[in-house]
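One-letter residues, chain by chain:
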Amino acid sequence: MADGLIEMETQRESPSRPTLEALAPEFAEFFQAHSRQIFYLCLRMLGDPTKAEDATHDVFLKAWRKLDQFRGESSWRTWIYRIAINHCRNLQQTWAERNIHAASDDAVMESAVSDGASPFRVLELKELGGRIEQAMEKLSPEYRLLLLLIADEEMSYVQVAELIEQSTDAVRGKLHRARKAFAIEFQKTA
Amino acid sequence: MKEKSKLQQQQHEEQTTVQHAAHKAGAREFQSAEEMMRFDAGQTRVPDSVKSRLADSLAREQKPEQSTSWWRRLLRG
């Protein structure tokens, strides 16, 4: 959050304001390639567009500062996701939001009718984001994160397992439960 | 009576077509939660302010030391 506050004074427009492309062309490409997914992750993890905006800025600033620490052992996508996940977790801890819904997942599952495999019919696409948001709010941060990472086509199960520090078998098991919990909560938003 | 019935049927068909078109424009079926989120992410736009704020921040930052990058260190052995 502190990083976000640092940048509060930078909103004034100036004709001589440098662009990201002019300052760091390669980093601008990096931003272009990954910013949408990072913003989306922050948006759905934090549940607030303003917080997601600040978080995305802070994540890429941290990445810039840590560029020399990138070892090439993981993909750039995995690397920036790790920074983003840690950043969001820190924010959630700060706001005492972490685990607030964790205990409810099992209770939700017990009364589950859906198996999470049924198609989702959405009549109004303009409401989709809000409905996903509502459903995600009811899930534990772990389930939320898992679904968001798996939704990224560039991420393999192995990479997701690495990011959440679990085995691929554990990822598959948890993903099944996460899908089911999400399906139940999503139905409630209709 | 038959005339009226035909007119009503035609009106009903037109109304149904319009409703169907509207429904089709705003409706969609997703096979999984991930597919739905992928679509949602694709519709989500990163606010321009993030990029401009980042540029401002980078302008104030010292550029990372090139000589300490992992591949340079590897090359140096």
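This text goes with the structure placed above it.
Residues numbered from 1 in each chain as written. Chains lettered and ligands numbered in written order. Predicted model: local features only at pLDDT ≥ 70, side-chain atom pairs only at ≥ 80, totals over all residues. Heavy atoms only, no water.

A word on the overall build of chain A. Each helix and strand counted, chain A has 10 helices and 1 strand in total. Secondary structure elements in chain A, listed N-terminal to C-terminal, are α-α-α-α-α-α-β-α-α-α-α. Per-residue burial over chain A gives 49% buried out of 190 residues. Of all intrachain contacts in chain A linking residues separated by at least 6 positions in sequence, the fraction that spans at least 24 positions is 70%. (Helix = DSSP H or I, 4+ residues; strand = E, 2+ residues; numbered from the N terminus. Buried < 20%, exposed > 50% of the residue type's maximum accessible area, 1.4 Å probe, protein only. Contact = heavy atoms within 4.5 Å.)

A side chain of one charge can pair with a side chain of the opposite charge if their charged atoms are brought near each other. In this structure the tally under the stated criterion is 14 salt bridges over all chains. For Glu61(B), the salt bridge identified is with Arg65(A), shortest N-O distance 2.7 Å. With Glu61(B) in the loop between helix 3 (48–60) and helix 4 (70–76) and Arg65(A) in helix 4 (residues 49–65), the pair connects residues from two separate chains. When its relative accessible area of 36% is taken as the criterion, Arg65(A) is described as partly exposed. Its salt-bridge partner being Arg77(A), residue Asp152(A) comes within 2.9 Å of it at the nearest N-O pair. Here the residue Asp152(A) occupies a position in the loop between helix 8 (141–151) and helix 9 (157–163), and Arg77(A) occupies one in helix 5 (residues 76–94), the gap between them amounting to 75 residues. For Arg77(A), a relative accessible area of 7% gives the class buried. Each of Arg44(A), Glu133(A) and Asp40(B) takes part in one network of salt bridges that share partners. (Salt bridge = Lys/Arg side-chain N within 4 Å of Asp/Glu carboxyl O.)

As a further point, take the interface of chain A and chain B. With 57 residues of chain A at the contact, the number on the chain B side is 44 residues. Carbon and sulfur atoms make up 62% of the surface buried where chain A meets chain B, a total of about 4,400 Å² over both sides. Inspection of the chain A/chain B interface yields 7 salt bridges. A salt bridge links Glu34(B) to Arg179(A); its shortest N-O distance comes to 2.5 Å. Taken together, the links from chain A to chain B amount to 14 residue pairs in polar contact (both at pLDDT 80 or more). Counting residues per element, the ones that place at least two in the side of chain A that touches chain B are helix 1 (2–6), helix 2 (20–23), helix 3 (25–46), helix 4, strand 1 (120–122), helix 7 (128–137), helix 8 and helix 10 (168–188) of chain A. Looking at the side of chain A that touches chain B element by element, the count peaks at 10 residues for helix 3 of chain A. (Buried area = accessible area lost by both parts, 1.4 Å probe. Polar contact = N/O pair within 3.5 Å; in protein donor to acceptor, adjacent residues only side chain to side chain.)

Function cannot be inferred from these measures alone, as they are strictly geometric.
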